[in-house]
Every structure is written in C-alpha cells, then in structure tokens.
Amino acid sequence: MKHGNRVKVLLIIPSRIIARGMEGVFHDLGEFSVEGILTDLSRTSEVRLKNMDVELIVVDPVIFDCASRASGRSRIAEYSDAAVVALQTVPMEDDVWRQYDEVVNLYDLPPVIIKKLRTVLANRSETPKSDSQELSAREKEILVCVAKGMLNKEIADLYNISIYTVITHRKNITRKTGIKTVAGLTVYALLNNLIDANSIE
Amino acid sequence: MVKKKKTNIKDDRAMLSPAMKMADLVNLNYHLLGVLSRLGVDLGFGEITVGEACRRHSLNVGSFLLICNVYTYDDYIPSGELLFSGAPADIVKYLHSSHVFYLEHELPELERALEKLVAPCDVKQKLVIDRFFSDYKKEVENHFAYEETVVFPYVETFSRDCREQGYSIEQFEKNHSNIDEKLCDLKNIVMKYLPEVCDTVLRNDVMYHICYLEEDLGKHTLIENNVLIPMMTRIEENETR
C-alpha cells in the first residue's frame, strides 16, 4: 500500500472501549489512520462528518434508533462520500446490515477486518465518485429538469439513463447545495441563471 | 437503541424543579423567555419559585417542567412519572399560543426582513423568492390548521372525560408531517446563493430569524412528539382498560 498516504478513517462508535480497540487494530497495521471518533450523529457530529473528508467510515448501527436503522447508510451518505462499513456489536435484522458496503464483526480477527476493509476500498475506487463540491455539468442539467417540474422517469428517458442514476444525481445535488425541495431547487436554478423565469410552470 | 437511550437525560433529580427560582430558570436557558411569554408568565417575577409562579398562573407544574425540559436539554426523554403528572390541556394551550406566535409574529417578521433583503434583486429573482416564501407559509398554516381543528379539540374533549369517537392520538402520530425542509432550503439559499447586491447586515438579520425559527419549531415538534403524544397514548390506554 501507499506509504505516508494512509487511508483516512472515521469511527462512529458509542462505546469508547470498542472504539479504542478498533483504533488499536488500525494502529498496528499502519495503512489506515483514524482521523476521528464520534459517539453519535448529533447536529455537531454531522457538521464534523461533513468536513472531515475521510475515505472510510466504520459505524456501529446502534447509534440509530430502531425506526431509522434501516436508513442509516443513506443518512451518512447525506454528509459523506466515504465507503461505510458496519461494525456488528449486537444482532440486528438482515436489512440493517445489507445496506452497508461491508460488515465487520466484533469477534473478527484484526487481519480479517483489514482484509475486508481493503476489499471495500478496492471496489469503491472502481465506481466514479463526485469529489468536487460544485455541481457537475450533468447535475446542472438534471437540476434544471427538476426545477421545471419533470418526473424522474421523464428525466431518465430524456438523457437515456436509468431512474437509479437520476436519483443518485438528485441525492448529490441535495448533498452539495443543502436544498431538498423542488421549490427550493427552482429558486436555486433561477438565482444561478440556469433557467429563466418563463420556463417555470 | 439500548445504548442510545442511556445517553439521554432521564434523571429528573438533575433537572429543573418546582423549588427553583424563576430567575435561575431564565439564567440557565434564555430560550425559555419565549416559553414564559407564551404561557402568559410575565417577567418581573422577583424571587418567586417555579412552583409559586405556576400556582399564580394556574398552570400545572408538571406540564410547565416538561416544556422547559424539552427546551433546555437536547435529546430529553420525559420520565413516565412527569408525563403522568402533567396535563394535556396545558400542553395544548402552550402549543396553541406558540402557533399564534409563529403566525402572527415570527413569520411576518421573517417575511419583512426577507423582503427588505431582496429588494435590490431583479424582478424575476424577487418573484421566485416571494413565491417560495408564500408556499412555505401556506404549508406551515395548513400544518397548524390540522392541529388546531382536529388534534387540539380532540385532546381538550378527552381531557373533559368524554371520549370522542373515531379519532385517536395514534392518527396524529402517523400523520404528523415535517415542515422543516423548506425552511432549511431557505437558509441555504439566503446563506449561499443570493446575489451580491444583497446587504450583509440584512442577510444576517434574515439568517438569525431563520435559525431561531428552525430551532424553535424543532422544540415545538419535540413537545408534540415526546410529550403530547405519549401523554395521550397513556391516557387512552387507561381509558380502554
């Protein structure tokens, strides 16, 4: 692996003992460096998460309450592009684990953990990631369609892409701009001269 | 879940109490100023305690503490005892006067500040922002109207010991929609995307209004979800037993 260029990792683990243990595993191996440890996803944590720019996040899903556990992965995706690996400290429903890029068990041996994480990162680098905080040309095109009131299906047909890709673009637009509603995106598009007022409605 | 709960403050002894002085309450958390005025408790209370102030204003002290706790401690989950000692009618009274406050005071203030801020923008920009804000306002009004016409009367009738047929607080729990998205969008637009002609001082003014409203509406929702709903669920369960 690259020397002096270690993979930045963030831990979101409420138990300090377990977090220390994970840190130990990374420390011994040297190729990962733990940039921070959060114990929850409170508002301040969210801000830190957003600004950290890590490549890998290890999260114990007990930080999410029962109702939001199934969407834990996408909640993190709102704030970070990093690969997300779940740390299994207690048993939970399969749906919870399936959403993560990989699952590490509390009883996994350190070499097994490292191997899993390497695989995740290798797979990750194959999928294009949007590293810029500015909207890409394609995202701007999609945003204009959304602002004009087009449905995901219509946008997918127009650009010959899958609905899933449209949704990914929309998620990235919202993550970058912080704007969630169609009405809000319309204001954004107009203020940035992406559309003119006549094309609304 | 188990771990999450543990970090929440559950110990009522460490929390606000009836023996506390009113002045200490406000010193501890000045956001309670809004709460006091909405409950009709005026400043100038001298050295009296929370318990005394509640007696003078015929407020249930349990209800009062529940509201103040939600405002003061993040992630506050009320204990069963305190929920039981509070009165739903007081909570509804509070929620109603905060609706009035939002609609008659805070939203018009924000609207005025926003209008002033975008005055130098071109016509099209002003139009789209105006429209966005009035959509938001309509959404808030509709949200409140449902609570005022359906939920609150239900709670009040129930509290007078005659159960209304065909509605339960569970329906409110299910239908309780989020109204925070547009406000958050507006915050991002004002902060990041308004043209340079907009004045910084006025922009800050609008930002303060938005952040205050966002925070206060957040607490308002917590009072509905973590106080009113569990309180009513409990009472309904007792009734059917």
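Residues numbered from 1 in each chain as written. Chains lettered and ligands numbered in written order. Predicted model: local features only at pLDDT ≥ 70, side-chain atom pairs only at ≥ 80, totals over all residues.

Novice: How should I be thinking about the overall build of chain B in this particular structure?
Specialist: A tally of helices and strands in chain B yields 11 helices and zero strands. Its helices and strands taken in sequence order, chain B reads α-α-α-α-α-α-α-α-α-α-α from the N to the C terminus. Within the span of chain B, comprising 241 residues, buried residues form 29% of the whole. (Helix = DSSP H or I, 4+ residues; strand = E, 2+ residues; numbered from the N terminus. Buried ≥ 20, exposed ≤ 12 C-beta atoms within 10 Å, placed from the backbone.)

Novice: What is the right way to read the confidence of the model for chain A from this model?
Specialist: Atom-level detail of predicted coordinates should not be read off regions where pLDDT is low. Per-residue confidence for chain A gives a mean pLDDT of 86; residues scoring 70 or more make up 93%. Confidence scores differ between elements of chain A, with helix H2 (residues 43-52) of chain A showing the lowest mean pLDDT of 80 and helix H9 (residues 182-191) of chain A the highest of 95. (pLDDT = per-residue confidence, 0-100.)

Novice: Just to check I follow, could you spell out the interface of chain B and chain A for this structure?
Specialist: Accessible area lost upon the coming together of the parts is a frequently used measure of interface size. Between chain B and chain A, the residue contacts involve 19 residues of the former and 19 residues of the latter. Put simply, the parts of the chain that give the side of chain B that touches chain A at least two residues each are helix H1 (2-7), helix H8 (123-159) and helix H10 (181-193) of chain B. Residue classes in the side of chain B that touches chain A are distributed as 10 nonpolar, two polar and seven charged. (Contact = placed C-beta atoms within 7 Å. Nonpolar A, V, L, I, M, F, W, Y, C, P; charged D, E, K, R; others polar.)

Novice: In this structure, what is going on with helix H8 (residues 163-177) of chain A? I would like to understand it.
Specialist: Note that an α-helix has 3.6 residues per turn; residues three or four places apart therefore point the same way. With 15 residues, H8(A) should cover 21 Å at 1.5 Å per step; its first-to-last C-alpha distance of 21 Å lies within 8% of that length. Downstream of H8(A) by a residue or two, A:Gly178 has a phi angle that is positive, lying close to 80°. (Expected span 1.5 Å × (residues − 1).)

Novice: What is the right way to look at unusual backbone geometry in this model?
Specialist: Most peptide bonds take the trans configuration, and most residues that are not glycine carry a negative phi. Positioned with a positive phi, A:Asp53 is a non-glycine residue whose angle comes to about 60°. Within the secondary structure, A:Asp53 sits in the loop between H2 and strand E3 (56-59). Residue classification places A:Asp53 among the partly exposed positions, given that 13 C-beta atoms sit within 10 Å. At B:Ser58, a residue that is not glycine, the phi angle is positive and equals roughly 40°.

Novice: What am I meant to see in the packing of H9(A) against H8(B) here?
Specialist: Axes are the key here: two packed helices are described by the angle between their axes and the distance separating the axes. Where H9(A) meets H8(B), the closest approach of the two axes is 10 Å, and the angle between their N-to-C directions is 170°. Between H9(A) and H8(B), the angle falls in the class roughly antiparallel. Every residue of H8(B) that contacts H9(A) at A:Ala183, A:Gly184, A:Thr186, A:Val187, A:Leu190 and A:Leu191 is listed here: B:Lys124, B:Gln125, B:Val128, B:Ile129, B:Phe132 and B:Asp135. (Axes fitted to C-alpha atoms, helices over the stretch in contact; angles between N-to-C directions. Parallel < 35°, antiparallel > 145°, perpendicular 65-115°, else oblique.)

Novice: Just checking my understanding: could you explain the packing of helix H7 (residues 88-118) of chain B against H8(B) for this structure?
Specialist: It is at 10 Å that the axes of H7(B) and H8(B) come closest, and there the two elements cross at 170°. Overall, the two elements H7(B) and H8(B) adopt an arrangement that is roughly antiparallel.

Novice: Quick question: what am I supposed to make of the nonpolar core here?
Specialist: Generally speaking, nonpolar side chains in soluble globular proteins are found buried as a group. In terms of nonpolar packing, the biggest core is built from 37 residues, with B:Phe64, B:Ile67, B:Cys68 and B:Ile91 touching the most fellow members. Of all the secondary-structure elements, those providing two or more residues to this core are helix H2 (22-28), helix H3 (32-38), helix H4 (50-56), helix H5 (61-72), H7, H8, helix H9 (169-175) and helix H11 (200-240) of chain B. Here this core gets eight residues from one element, more than from any other, and that element is H5(B). Summarising the domain contributions, this core has at least three residues from each of domain 1 (2-84) and domain 2 (87-240) of chain B. Residue contacts for B:Ile67: discarding those within four places in its chain leaves B:Val35, B:Tyr94 and B:Ile223. A:Ile179, A:Ala183, B:Phe133 and B:Tyr136 belong to the second-largest nonpolar core, a separate cluster that totals 33 residues. (Core = buried A, V, L, I, M, F, W, Y, C linked by C-beta atoms within 7 Å. Domains from an automatic or database assignment.)

Novice: Is there a simple way to think about the sheet that holds strand E5 (residues 102-105) of chain A in this case?
Specialist: The strands making up a sheet associate through hydrogen bonds between their backbones, and the pairing can be parallel or antiparallel. All names here are of chain A. Pairing is parallel across the open sheet formed by five strands, whose spatial order is E2-E1-E3-E4-E5. The two strands at the open ends of the sheet, each matched to only one other strand, are strand E2 (32-38) and E5. In this sheet, adjacent strand axes meet at a mean angle of 25° when their direction is disregarded. Pairing between strand E1 (residues 7-12) and E3: four bridges, direction parallel. Following the sheet pairing, Ile12 is matched in E3 by Val59. The sheet strands contacting helix H1 (residues 16-29) are E1, E2 and E3, and the helix crosses E2 at an angle near 165°. (Pairing = 2+ DSSP bridges.)

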